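The primary structure of each chain is shown beneath.
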Amino acid sequence: MTVWDDVVGQERVQVQLSAAARDADTRVTLEARREPAPDASKMTHAWLFTGPPGSGRSTAARAFAAALQCTSPDRALGGEPGCGFCDGCHTSLIGTHADVDVIRTDLLSIGVKETRELVRRAQLSPAGGRWQVIILEDADRLTEGAGNVLLKAVEEPASRTVWLLCAPSLEDVLPTIRSRCRHLTLRTPSVAAVADVLIRRDGIEPEAAHSAARATQGHIGRARRLATDERARARRATVLKLPLRVEDIGGCLKAAQELIDAAAEDAKQVAEEVDVKETEDLKAALGASAGGRMPRGAAGAMKELEDREKRRKTRSQRDSLDLALTDLTGFYRDVLALQMGSGVALANDDVRDSLDRIARGSTPVGTLRRIEAVVACRQALDRNVAPLLAVEAMAVALRAG
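Residues numbered from 1 in each chain as written. Predicted model: local features only at pLDDT ≥ 70, side-chain atom pairs only at ≥ 80, totals over all residues. Heavy atoms only, no water.

Brief notes about the overall build of the protein
Rules: A helix here means a DSSP run of H or I that spans at least four residues, while a strand means a run of E at least two residues long, and both kinds are numbered starting from the N terminus. The classification of residues rests on relative accessible area computed with a 1.4 Å probe and restricted to protein chains. Under 20% of the type maximum is buried, over 50% is exposed, and intermediate values are partly exposed. Here, residues are in contact when the closest pair of their heavy atoms is within 4.5 Å. Only the protein chains shown count as cover for residues, and the accessible areas themselves come from Shrake-Rupley with a 1.4 Å probe.
Each helix and strand in the protein was counted, giving 15 helices and five strands. Classification of the 401 residues of the protein by burial places 45% in the buried group. Restricting to contacts in the protein with at least 6 residues of sequence separation, those with at least 24 account for 72%. When the accessible surface of the protein is totalled, it reaches about 20200 Å², and 52% of it is carbon and sulfur.

What to know about the pattern of salt bridges
When their charged atoms lie close together, side chains carrying opposite charge are able to pair. Condition: The term salt bridge refers to a pairing of a side-chain nitrogen on Lys or Arg with a carboxyl oxygen on Asp or Glu at a separation within 4 Å.
Summed over all chains, the structure comprises 25 salt bridges. The partner of Asp101 in a salt bridge is Arg121, and the shortest N-O contact between them spans 3.4 Å. Linking Asp101 in strand β2 (residues 100–103) with Arg121 in helix α4 (residues 112–122), this pair joins segments that are 20 residues apart in sequence. With a shortest N-O distance of 2.8 Å, Arg378 and Asp322 are connected by a salt bridge. Placement of Arg378 in helix α14 (residues 364–382) and of Asp322 in helix α12 (residues 299–340) is noted, with a sequence separation of 56 residues between them. A single network of salt bridges, built from pairs that share partners, joins Asp6, Arg201, Asp202 and Arg224.

Quick word on the side chain of Thr367
Looking at the secondary structure, you find Thr367 in helix α14. Contacts of Thr367, omitting those with residues within four sequence positions, involve Tyr332, Val335, Leu336, Gln339 and Ser362.

Here we look at the packing of helix α2 (residues 57–68) against helix α3 (residues 87–94)
Using the following cut-off: Only C-alpha atoms enter the line fits that serve as axes; for helices the fit covers just the stretch in contact. Angles between N-to-C directions range over 0 to 180 degrees. The cut-offs work like this: below 35 degrees is roughly parallel, past 145 is roughly antiparallel, 65 to 115 is roughly perpendicular, and the gaps in between are oblique. Note: crossing handedness is left-handed where the near helix turns anticlockwise from the far helix by less than a right angle, and right-handed where it turns clockwise. Gly falls in the polar group here, along with every residue not listed as nonpolar (Ala, Val, Leu, Ile, Met, Phe, Trp, Tyr, Cys, Pro) or charged (Asp, Glu, Lys, Arg).
Look at α2 against α3: their axes get within 8 Å of each other, and the N-to-C directions meet at 155 degrees. Looking at the two axes, α2 sits roughly antiparallel to α3. As for the relative orientation of α2 and α3, their crossing is right-handed in sense. Along its contact with α2, which presents Arg62, Ala63, Ala65 and Ala66, the element α3 presents Cys89, Ser92 and Leu93. For the contact of α2 with α3, the class distribution of residues is five nonpolar, one polar and one charged.

Quick notes on the pairing of strand β4 (residues 161–167)
Using the following cut-off: Two strands form a pair only when DSSP identifies at least two bridges running between them.
Of all seven residues in β4, seven are buried; the element is thus mostly enclosed. Alternating positions in β4 separate into two faces, Thr161, Trp163, Leu165 and Ala167 on one and Val162, Leu164 and Cys166 on the other, with burial throughout. Examined bridge by bridge, strand β1 (residues 46–50) and β4 share five bridges and lie parallel to one another. Bridging across to β4, Phe49 finds its partner in Cys166.

Overview of the packing of aromatic side chains
Inclusion rule: Side-chain rings of Phe, Tyr and Trp, where Trp is taken by its six-membered ring, are said to pair if the distance between their centres is within 6.5 Å; with planes under 30 degrees apart they count as stacked, over 60 as edge-to-face, and otherwise as tilted. Two conditions define a charge located above a ring, namely a distance within 6 Å from the ring centre to NZ of Lys or CZ of Arg, and an angle within 35 degrees of the ring normal.
Under the defined criterion, the tally for this structure stands at two aromatic pairs. Residues Trp47 and Phe64 carry aromatic rings whose centres are separated by 5.1 Å and whose planes lie at 70 degrees to one another, so their mutual orientation is edge-to-face. In this pair, Trp47 sits in strand β1 while Phe64 sits in helix α2, placing the two residues 17 residues apart along the sequence. Consider the rings of Phe331 and Tyr332, whose centres lie 5.5 Å apart with planes at 85 degrees: the pair is edge-to-face. The residues Phe331 and Tyr332 share a single accessibility class, namely buried. The ring centre of Trp131 lies 5.5 Å from the NZ or CZ of Arg160, which sits over that ring. One Lys or Arg, Arg182, reaches over the ring of Trp47 and ends 5.2 Å from the middle of that ring.

Don't take any of this as a statement about function, it's just geometry.
Structure follows, in structure tokens:
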């Protein structure tokens, strides 16, 4: 199994990255022999991966990083970099390679302080002698100041440093940064391709894999979670009942509150999995006594951790709400398909009775207005409108149609 096997439905991107990895491998070999590298090369120092959520931006970036670090002896015999079995590939993919840094954030943004640390690390020579690869999974969350700090490193990179930036679209990255990167656009993979990888890699039953892939409309990460997590299936079922519960104002307000509560519970579960361990690890690092007594001067570090955990909880709640709104948009998209008689495959065929009921009781124009209401709610959340107010306004708009 090569490193490219998990890059689902992105054949064109895979070809480009494979060619760049071959040229990068040639460059490393020639430099080791003290021979000049060829002028023409498909390899460059900065890449920008864009595509819709679930297209596999970070997966493609990790696969490329692994191919750059590949140490397979088959390369000397003409084999392609990225075998998937050597130590370089394996450690890059699981996140333990000394020269591959994967930067992701569960906070609202990436600030100047964190970015300066990244830039400092980017100036170091690779420990393994091949490439220093920095994968920034959330380049769209860079603040303006952080983006300006990163720009300098992208403009004047170290000779063996490669930046791999991931963002939903070109517009999410500063123009000065994206103009200095080679741009690769990923597309949403097909339902069949996503189902295949769930069956092959995760051992999920074919029926469940196809159902999850169809329900998430080709989003790989969400499909895996939906197929393996009972809580995710319960949350989706709750969201898809909302269109039937907005028949009066009381129902609208109650449904909105339940949606907010579900997002808060989801964020709380994420926090419980991470916060306790982080707190205990910090206490141990600060030298807390057996009775839990903190040493003098530790209050500042504990307060900084608490602030970080609070920001992460806010981000998790927003992400959970956004996921619910995405499911709701998919529901009304199916309603519109039924009303127009388009014959396209329905993402939510498992709730066909609800789809038929809403389709019969409304018009295509009303359905479009409801989709616009969901989109407006997402935009309001992006502008930091109070979540409950935004969702209540959406629920009332869904009732009006």
